[in-house]
Amino acid sequence: MLIVRPLNESIAMLVPILVLLFTGNGEKWRLIASGATVAAILAFSYLIWRTTKYRITDDQVELHTGLLTRKQLAVPRDRIRTVDLTSKPGHRIFGLSAVRIGTGQQDVPGTDGLTLDAVTSQEAERLRLLLLQKTVAPKPVSPDEPHAEPVVAESEVISQLDLKWLKFAPLSLSGLVAIGAVFGVLSNYADDLGLHPVQDLWEWLFEHPSFTLIGAAAVALIVVGLVLSIPLYILQFWNYRLTREPDGTLRVQRGLLTTRSVSVEEQRLRGVDIQEPLLVRAGKGAKLAAVTTGLGSKGESNLLLPPAPLSVAHQVSQDVLKVHDDPTLRKLRKHPFAALRRSVIRHVVPWVVIAVGLAIWAPAWAWPIPVAIIPFAALVGWDNYRSLGNALDDRYLVTRNNSLVRSTVALQRTGIIGWRIRRSFFQRRSGLMTIGATTAAGAGVYHVTDVGESDGLALADEAVPDLLRPFLLREGE
């Protein structure tokens, strides 16, 4: 812990210290303060190591930490939903892992469950099997009984990384996100050294405006983003592997520098979500997420498949759900024409309002910009309508929404615990409503958006019989 914690948490602090040492451009007090901070982190790491203990009983997992302020956390074992094994570079040097035990909706480290940091990789694997085990251990075999060799079941490989999937990396725009993160870090370092590149750049652009330069910078930014997206995809998803374990869990393993292994109980799986971001969808790709009880839709713990061909996503969803026909491939019922009108208006009107406002209060060159965007907004509204659809079979409710990130969810009908019906003023005038299927899994509610009133109520009534029926009025009542 004395070495791993500083490596994992203060590496961003060590970089400016090295810059100050080798360049000599910083004041001495900055160097002294940085060194004192690193020393404090080392001392803090030592105290954490000395005061941290954990215990696993038949009923719960306990974690005791703290020196002056003692903290005791306890998680009932029957509330455990996921076990996440993460090995950052500092962990991997010493063969260690961090075991995060997830119990509920909040998929953010430190806000849900508890974390056992820096245990050996062998112990982490043992804890994963132990914490997800729900069956009673077999009784010892009597010496008089014939001894049989144990049968070791093998993991079933559902999917693994194909290098052809790298073509979807530039379409995911992850490179632009990486550029933003790197730019933010470098800006902070520059401020520590007394430099202000961002402020200087903005001042220079205002003094020497050049649309050619701005356009060239935008093109360069896009090109660099496309180039960076490929190594970022490799860092995140190298050695990706989705398996079905003998203990009844789905296990996702991935990562190059920081390795991660997430195990989810199959009995808590309530469906799948095929997500198609706009550019990835243009390349006929998608990624797959799990809809799991006690596991929210945010974060990456629910990821089953990274950006890959759409056909692969459908095949993986079929294998995960253990069905012969993927429910997300079923022909979806179209929504009424009023939904198209509503979608186009919702996407176009804001830009019209902006254009009018700029024409009144802004320079003459400003208002043509939102006017030029209006046709694209109308196209997005039309595509959003094309994405709407729903279907129902013996086991699953299927709903599809959105345009920029099209989402097709197959939700088990037995996992629906209620209905949320919303009708805005404009929806009531158009005879539309939004039906939300509430569940204890994933996002908590999955919507059938802008469906006809009679069709939506009939869909809800058929999906979960007797739940909504007492509140429905038949013709003539």
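- Per an unreviewed UniProt entry, the protein is named PH domain-containing protein, and its organism is Lentzea alba.

### What about the overall build of the protein?
Piece 1. Assigned secondary structure in the protein consists of 14 helices and 19 strands.
Piece 2. Across the 477 residues of the protein, 40% fall into the buried class.
Piece 3. Residue pairs at least 24 apart in sequence account for 56% of intrachain contacts in the protein once pairs closer than 6 positions are excluded.

### As for a nonpolar patch on the surface
Piece 1. Taken together, the side chains of Leu2, Ile3, Leu7, Tyr46, Leu47, Trp49, Leu67, Leu68, Ile93 and Phe94 present a nonpolar region at the surface, about 1,100 Å² in accessible area.
Piece 2. Ranked by the residues each element gives to the nonpolar patch, the list is headed by helix α3 (residues 28–51), at three residues.

### Side note on the UniProt feature "transmembrane region" (unreviewed entry) in the protein
Piece 1. The feature "transmembrane region" (unreviewed entry), as annotated in UniProt, sits at residues 7–25, 31–49, 168–190, 210–235 and 343–361 in this numbering.
Piece 2. Along residues 343–361, the helical share is 100% and the strand share 0%, with 28 Å between the first and last C-alpha atoms.

### Topic: the nonpolar core
Piece 1. Counting residues in hydrophobic clusters, the biggest one holds 29 residues, and the most contacted among them are Leu242, Val272, Leu288, Leu304, Leu305, Val316 and Val320.
Piece 2. Domain assignment of the residues forming this core places at least three in each of domain 2 (163–237) and domain 3 (241–334 + 388–471).
Piece 3. Apart from the residues within four sequence positions on either side, Val316 is in contact with Ile158, Ser159, Leu242, Leu288 and Leu305.
Piece 4. Ile416, Ile435, Val451 and Ala463 belong to the second-largest nonpolar core, a separate cluster that totals 20 residues.

### Some details on helix α11 (residues 337–361)
Piece 1. With 25 residues, α11 extends 37 Å from end C-alpha to end C-alpha; this agrees with the ideal 36 Å at 1.5 Å per step.
Piece 2. What α11 keeps buried is the set Ala338, Ala339, Leu340, Arg342, Ser343, Val348 and Ala355.
Piece 3. Against α12 (368–387), α13 (425–430), β18 (432–439) and β19 (445–452) lie the buried residues of α11.

### Let's talk about unusual backbone geometry
Piece 1. Residues other than glycine seldom take positive phi values, yet Ala118 does so here, at roughly 60 degrees.
Piece 2. Mapped onto the elements, Ala118 comes out in strand β6 (residues 114–120).
Piece 3. Of note in the backbone geometry, Asp450 takes a positive phi value of approximately 50 degrees without being a glycine.
Piece 4. Here Asp450 lies in strand β19.

### Quick word on the pairing of strand β10 (residues 259–265)
Piece 1. Most of β10 is tucked away, with six of its seven residues classed as buried.
Piece 2. Linking strand β9 (residues 249–254) back to β10 in an antiparallel pair, the connection comprises four residues, with Gly255 at a positive phi of about 115 degrees.

### A word on the sheet that holds strand β7 (residues 156–160)
Piece 1. Read across the sheet, seven strands follow the order β6-β5-β4-β10-β9-β8-β7 without closing on themselves; strand pairing throughout is antiparallel. Sheet topology places β6 and β7 at the edges, where each strand pairs with a single neighbour. When the angles between neighbouring strand axes are averaged without regard to direction, this sheet yields 20 degrees.
Piece 2. In this structure, strand β8 (residues 241–244) lies alongside β9, joined through four bridges in antiparallel fashion. Residue pairing in the sheet places Arg244 in a bridge with Leu250 of β9.

### Concerning the packing of α11 against α12
Piece 1. Two elements in contact, α11 and α12, have axes whose closest approach is 8 Å; the angle formed by their N-to-C orientations is 165 degrees. One finds that α11 runs roughly antiparallel with respect to α12. Where α11 crosses over α12, the handedness of that crossing is right-handed. Between α11 and α12, the residues in contact are Phe337, Ala339, Leu340, Ser343, Val344, His347, Val348, Trp351, Val352, Ile354, Ala355 and Leu358 and Pro370, Val371, Ile373, Ile374, Ala377, Ala378, Val380, Gly381, Trp382, Asn384 and Tyr385, respectively.
Piece 2. When its residues are assigned to classes, the contact of α11 with α12 shows 19 nonpolar, four polar and no charged.

### Here we look at the pairing of strand β5 (residues 96–102)
Piece 1. Burial runs high along β5: seven of the seven residues are buried.
Piece 2. Residues Leu96, Ala98, Arg100 and Gly102 point to one face of β5 and Ser97, Val99 and Ile101 to the other, with burial holding for every one of them.
Piece 3. As paired strands, strand β4 (residues 82–87) and β5 are joined by five bridges and run antiparallel to one another. Residue Val83 lies in a different strand from β5, and its bridge partner there is Ile101.
Piece 4. Two elements, β5 and β6, share five bridges in a ladder whose sense is antiparallel.

### What about the pattern of salt bridges?
Piece 1. Inspection of every chain in the model, using the stated rule, returns 18 salt bridges.
Piece 2. The salt bridge partner of Glu62 is Arg55, with a shortest N-O separation of 2.7 Å.
Piece 3. As a salt-bridge pair, Arg128 and Glu125 come within 3.1 Å of each other at their nearest N and O atoms. Taken as a pair, Arg128 and Glu125 lie in helix α5 (residues 121–132) at a separation of three residues, close to a single helical turn.
Piece 4. Arg128 sits in the buried class, given a relative accessible area of 1%.
Piece 5. Here the salt bridges do not stand alone but share partners, grouping Glu125, Arg128, Asp247 and Arg251 into one network.

### So, the sheet that holds β18
Piece 1. Read from one edge to the other, the open sheet built from three strands follows the order β17-β18-β19, with strand pairing classed as antiparallel. Of all the strands in the sheet, the pair left with one neighbour each is β17 (416–422) and β19. Each neighbouring strand pair of the sheet contributes to a mean axis angle of 20 degrees, computed without reference to strand direction.
Piece 2. Relative to β18, β17 runs antiparallel, the two sharing six bridges. If you follow Arg420 over to β18, its bridge partner there is Gly436.
Piece 3. Its contacts with the sheet put helix α14 (residues 453–463) on β17, β18 and β19, and the angle it makes with β19 is roughly 140 degrees.

Rules used in this analysis
Residues numbered from 1 in each chain as written. Predicted model: local features only at pLDDT ≥ 70, side-chain atom pairs only at ≥ 80, totals over all residues. Heavy atoms only, no water. Helix = DSSP H or I, 4+ residues; strand = E, 2+ residues; numbered from the N terminus. Buried < 20%, exposed > 50% of the residue type's maximum accessible area, 1.4 Å probe, protein only. Contact = heavy atoms within 4.5 Å. Patch = residues over 30% accessible without salt bridge, like charges linked within 9 Å, V, L, I, M, F, W, Y side chains within 5 Å. Areas by Shrake-Rupley, 256 points an atom, 1.4 Å probe, with all protein chains shown as cover. Salt bridge = Lys/Arg side-chain N within 4 Å of Asp/Glu carboxyl O. UniProt positions renumbered as here; feature names shortened; annotations may be inferred. Core = buried A, V, L, I, M, F, W, Y, C linked by side-chain atoms within 4.5 Å. Domains from an automatic or database assignment. Expected span 1.5 Å × (residues − 1). Pairing = 2+ DSSP bridges. Axes fitted to C-alpha atoms, helices over the stretch in contact; angles between N-to-C directions. Parallel < 35°, antiparallel > 145°, perpendicular 65-115°, else oblique. Left-handed = near helix turned anticlockwise from the far one by under 90°. Nonpolar A, V, L, I, M, F, W, Y, C, P; charged D, E, K, R; others polar.

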